[in-house]
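Listed below are the residues making up each chain.
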Amino acid sequence: MELLAQILANGILLGGLYAVMALGLALVWGVLNIVNLAHGAFIMLGAYASWHLYTYLGIDPFLGLPLTALLLFALGYALQRGLLNLVVRAPMFNTLLITFGLEVVLTYLAQLAFSADFRTINPPYAGSNVQFGGVVLPLVRLAAFGVAIVLTVGMWLFLLHTRLGRAIRATAQNLLAARLYGVEPRHLYAVTFGLGLALAGAAGGLYGTVSQINPYIGASLTAKSFAIAIIGGLDNPLGVIVGGLFLGIVESLTTLYIGPTFADVASFGILVLVLIVRPSGLLGRTA
Amino acid sequence: MKALRAVLIVIAAALLAAVPWFGSDVLVQFGINALLLAVLAQGWNIIGGYAGYASFGNSVFYGLGSYGVAIAMVQWNLPFGVGMAFGVLLAVVFALLLGLPVLRLRGHYFAIATLALSQVMAAIVSNIGIAGQNIGLVLPPLNNDRLFYELALLLLAAATLTVWWLTRSRFGFGLIAIRENEEGAAVMGVNTTLYKVLAFALSGVFSALAGGIHAYWITFLDPESAFDISLNVKMIIMAVFGGAGTVLGPVVGALSLSAVSELLASEVTSIAGLFFGLVIVAAVVLMPRGLADMMRRLRGFGWRYFIENIRASRL
């Protein structure tokens with residue numbers, strides 16, 4: 001029983017991180033109708049940014065998150081403005097392909113720049129735990145979970161209550177009408193993509209504190225983010241929390257009861273099942 | 001004009017067939033790889049280019065074909081030909097079983113579902129005893145590059161003829177109709193489910209055969225290399241770069257990109273991968289309909305061709 005509680009706790013902590021990973025993907029998909037296949041690669045970049053800040057400048061990985069997010073925001077703004085805006089109206093397959101190409105480019109650039117070695121971000125408090133009943137919660141994972149929930153809820157409030165957030169939601173619903181109300185789409189698209197990447201960067205920084213980093217982690221993180229976005233639906237950022245927690249718990253249970261190699265099989269199996277049964281997401285409205 | 005083109009194609013095919021008789025060993029080995037990639041690109045062309053279902057999971061068929069040959073030859077001591085048939089059988093069964101539910105999805109959803117499938121296959125196969133688990137299988141060696149080269153070329157010719165047949169058959173027209181407007185095709189009496197599954201299976205058969213030849217040639221396979229997801233990157237990029245939905249585009253795309261990447265890889269291996277990524281980014285922006293369309297229209301448009309392409313899809 002205690003083991004099960006521990007596994008569930010692990011899954012929940014992992015799920016919070018998964019939620020932030022998926023949030024950026026869901027935002028870009030919902031507003032720009034681009035499924036960013038390079039999303040995982042940007043998470044990887046965020047992780048490396050955080051690792052460099054910690055290793056060379058001694059900036060704490062959690063305190064460095066805003067800086068990482070800012071870097072990725074700038075990259076995202078520039079990419080959307082200079083490149084992706086050129087293909088936004090092309091058929092769906094072309095936008096898939098171009099982000100697929102970006103994923104390849106980023107992976108190989110990372111391999112050239114950072115080498116294929118595994119990296120970990122190990123702040124001095126990395127080994128500390130919090131005991132809660134019989135359950136051990138690693139401090140780093142707990143902190144990552146807390147930041148993840150704050151980011152997700154913050155994003156939700158931002159979209160609901162700020163002028164920019166409303167402009168983003170309006171554009172997602174109807175680009176033409178939003179334009180008539182004075183939204184400048186080129187800028188707004190770039191801001192949205194930048195926000196998506198900022199979230200990816202923050203997720204990467206958090207990921208680096210709880211897991212190992214190498215240039216190839218991107219592809220499977222993209223697929224996981226996609227699975228979560230699908231499960232949670234695209235309409236509401238709070239949906240990705242549910243999706244993330246669900247996936248985190250399923251992966252932890254699979255690792256324990258079936259075997260660690262099946263964790264990915266389980267999550268992608270769920271993805272395919274959800275797609276087949278209910279493509280609009282378990283929580284989303286019907287398309 | 002048509003006769004001239006046919007003659008040119010025959011001459012090109014004859015030249016390709018003659019390569020092992022005067023080329024160096026390195027050239028022949030490069031040729032086998034390039035031809036097998038061209039088969040994959042051509043196979044993808046059937047489901048992605050003609051039916052318009054962008055599969056990111058055709059590497060699964062390749063892996064099934066490789067394992068079909070390996071299991072038949074190593075575990076059951078059967079000849080290579082039977083192994084190929086077994087690989088094809090696996091691919092067709094996979095296409096039917098998973099194609100039926102997955103092909104109901106459209107657009108992004110289909111692409112991601114196939115991507116997810118391709119990512120789990122290695123993990124699944126590494127737990128199957130008869131497939132050698134994660135250690136893999138070692139096939140009996142056959143040191144005859146010339147034979148493998150001609151087999152690969154023959155397979156590419158068969159795949160290309162099949163695609164050519166698509167451009168002039170009821171089945172092919174049905175697929176194109178599905179690509180352009182699936183509801184419309186259904187209204188016109190196309191059995192869309194049947195056509196899509198058949199196209200998926202046909203595409204899988206060629207990929208599986210390519211995988212089978214590769215497995216016997218390399219004589220070793222393990223789950224990671226057989227279900228290598230970067231193969232999806234290559235086959236899609238090659239097909240799109242050459243021209244998806246055209247008969248010769250994927251072949252030209254595969255052979256030209258293989259040659260360039262081979263030259264680059266002789267310097268630094270990861271440069272070749274980087275090159276693939278940059279090519280696809282540039283191609284989507286500047287020539288989204290591939291080399292085939294560019295050749296046709298560049299003369300009339302000149303440099304404006306690229307500007308027109310950008311103008312058509314920018315915000």
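Treat the numbers as computed from the prediction; the structure is a model and nothing was measured. (Residues numbered from 1 in each chain as written. Chains lettered and ligands numbered in written order. Predicted model: local features only at pLDDT ≥ 70, side-chain atom pairs only at ≥ 80, totals over all residues.)

Asker: Any chance you could explain the overall build of chain A here in plain terms?
Answerer: From N to C terminus, chain A includes eleven helices and two strands. The helix and strand sequence of chain A, counted from the amino end, reads α-α-α-α-β-β-α-α-α-α-α-α-α. For chain A, the C-alpha radius of gyration of 18 Å lies close to 19 Å, the compact-globule estimate for 287 residues. Seen through its C-alpha atoms, chain A measures out along the principal axes to roughly 60 × 45 × 35 Å. By the burial criterion, 53% of the 287 residues in chain A qualify as buried. Contacts spanning at least 24 positions in sequence make up 79% of the contacts within chain A whose residues lie at least 6 apart. (Helix = DSSP H or I, 4+ residues; strand = E, 2+ residues; numbered from the N terminus. Rg over C-alpha atoms; globule rule 2.2 N^0.38 Å. Buried ≥ 20, exposed ≤ 12 C-beta atoms within 10 Å, placed from the backbone. Contact = placed C-beta atoms within 7 Å.)

Asker: Before we go on, may I ask you to explain the overall build of chain B in this structure?
Answerer: From N to C terminus, chain B includes 15 helices and two strands. Long-range contacts, defined as pairs at least 24 residues apart, comprise 76% of the intrachain contacts of chain B with a sequence gap of at least 6.

Asker: Sorry if this is basic, but what is going on with the nonpolar core here?
Answerer: Buried together is how nonpolar side chains tend to be arranged in soluble globular proteins. If you look at the biggest cluster of nonpolar residues, it comprises 214 residues, and the most contacted ones within it are Leu17(A), Val20(A), Val39(B) and Ala152(B). Filtering out sequence-adjacent residues up to four positions away, Ala152(B) remains in contact with Ile32(B), Leu35(B), Leu36(B), Val39(B) and Ile213(B). (Core = buried A, V, L, I, M, F, W, Y, C linked by C-beta atoms within 7 Å.)

Asker: Looking at this structure, how should I read unusual backbone geometry?
Answerer: Glycine aside, negative phi is the norm for most residues, and most peptide bonds take the trans geometry. Residue and element names in this part refer to chain A. Phi is positive for Asn33, close to 55 degrees, though the residue is something other than glycine. With respect to the helices, strands and loops of the structure, Asn33 is situated in the loop between helix H1 (2-32) and helix H2 (39-57). Non-glycine residue Ser115 carries a positive phi angle of around 65 degrees. For Ser115, a count of 11 C-beta atoms within 10 Å puts it in the exposed group.

Asker: Teacher, can you tell me more about the pairing of strand S1 (residues 129-132) of chain A here?
Answerer: The two faces of the sheet receive side chains in turn, since in a regular strand these alternate between them. Residues and elements named next belong to chain A. Pairing between S1 and strand S2 (residues 135-138): four bridges, direction antiparallel. Within the sheet, the bridge partner assigned to Gln131 lies in S2 and is Val136. Joining the antiparallel neighbours S1 and S2 is a turn of two residues, in which Gly133 adopts a positive phi near 65 degrees. (Pairing = 2+ DSSP bridges.)

Asker: For this particular structure, what's the right way to read the environment of Ala22(A)?
Answerer: Residue and element names in this part refer to chain A. By the secondary structure assignment, Ala22 is in helix H1. As a C-alpha pair, Ala22 and Trp156 span 134 residues in sequence and 13 Å in three-dimensional space. Setting aside residues no more than four positions away along its own chain, Ala22 makes contact with Ser225, Ile228, Ala229, Val240, Gly243 and Gly244.

Asker: Whenever I open this one, the interface of chain A and chain B confuses me. Can you help?
Answerer: Many structure descriptions define interface size as the accessible area lost when the parts assemble. Facing 40 residues of chain A, the contacting portion of chain B comprises 37 residues. If you list the elements that add at least two residues to the side of chain A that touches chain B, you get helix H4 (92-114), helix H8 (185-210), helix H9 (218-232) and helix H11 (262-277) of chain A. A per-class count over the side of chain A that touches chain B returns 30 nonpolar, seven polar and three charged. (Nonpolar A, V, L, I, M, F, W, Y, C, P; charged D, E, K, R; others polar.)

Asker: Help me out: how do you make sense of the packing of helix H11 (residues 230-242) of chain B against helix H12 (residues 249-265) of chain B in this one?
Answerer: Helix packing geometry: the angle between the two helix axes and the distance between the axes. Residues and elements named next belong to chain B. Running from amino to carboxyl end, H11 crosses H12 at an angle of 115 degrees, the nearest separation of the two axes being 7 Å. Once H11 is placed against H12, the crossing between them reads as right-handed. Residue-level contacts link Ile237, Met238, Ala239, Phe241 and Gly242 of H11 to Gly249, Pro250, Val251, Val252, Gly253, Ala254 and Leu257 of H12. (Axes fitted to C-alpha atoms, helices over the stretch in contact; angles between N-to-C directions. Left-handed = near helix turned anticlockwise from the far one by under 90°.)

Asker: What exactly am I supposed to notice about helix H10 (residues 237-257) of chain A here?
Answerer: Residues spaced three or four apart along an α-helix point in a common direction, a consequence of the helix completing one turn every 3.6 residues. If you check H10(A), its first and last C-alpha atoms are 31 Å apart, about what 21 residues at 1.5 Å a residue would give, namely 30 Å. Once H10(A) finishes, Gly259(A) follows within two positions and takes phi at roughly 145 degrees, a positive value. (Expected span 1.5 Å × (residues − 1).)

Asker: Sorry, what's going on with the confidence of the model for chain A here?
Answerer: Mean pLDDT for chain A: 86, with 96% of residues reaching 70 or above. Mean pLDDT values over the elements of chain A span from 79, in H11(A), up to 94, in helix H3 (residues 65-82) of chain A. (pLDDT = per-residue confidence, 0-100.)

Asker: Even after reading the chapter, I still don't get the environment of Gln75(B), so can you show me in this structure?
Answerer: All names here are of chain B. Position of Gln75 relative to the elements: it lies in helix H3 (residues 59-75). For Gln75, a count of 13 C-beta atoms within 10 Å puts it in the partly exposed group. Separated by 55 residues in the primary sequence, Gln75 and Ile130 place their C-alpha atoms 7.3 Å from one another.

Asker: Explain the confidence of the model for chain B here, please?
Answerer: Close inspection of predicted coordinates is inappropriate for parts of the model with low pLDDT. Of the residues in chain B, 99% reach a pLDDT of 70 or more, and the chain-wide mean stands at 86. Reported confidence for the predicted complex is 0.81 by ipTM and 0.86 by pTM.

Asker: Whenever I open this one, the packing of H9(A) against H11(A) confuses me. Can you help?
Answerer: Residue and element names in this part refer to chain A. Contact geometry of H9 with H11 gives a least axis separation of 10 Å together with a crossing angle of 40 degrees. For the element pair H9 / H11, the angle class is oblique. The chirality of how H9 crosses H11 is left-handed. The segment H9 lies against H11, with Ser220, Ala223, Lys224, Phe226, Ala227, Ile230 and Ile231 engaging Asp264, Ser267, Phe268, Ile270, Leu271, Val274 and Leu275. (Parallel < 35°, antiparallel > 145°, perpendicular 65-115°, else oblique.)

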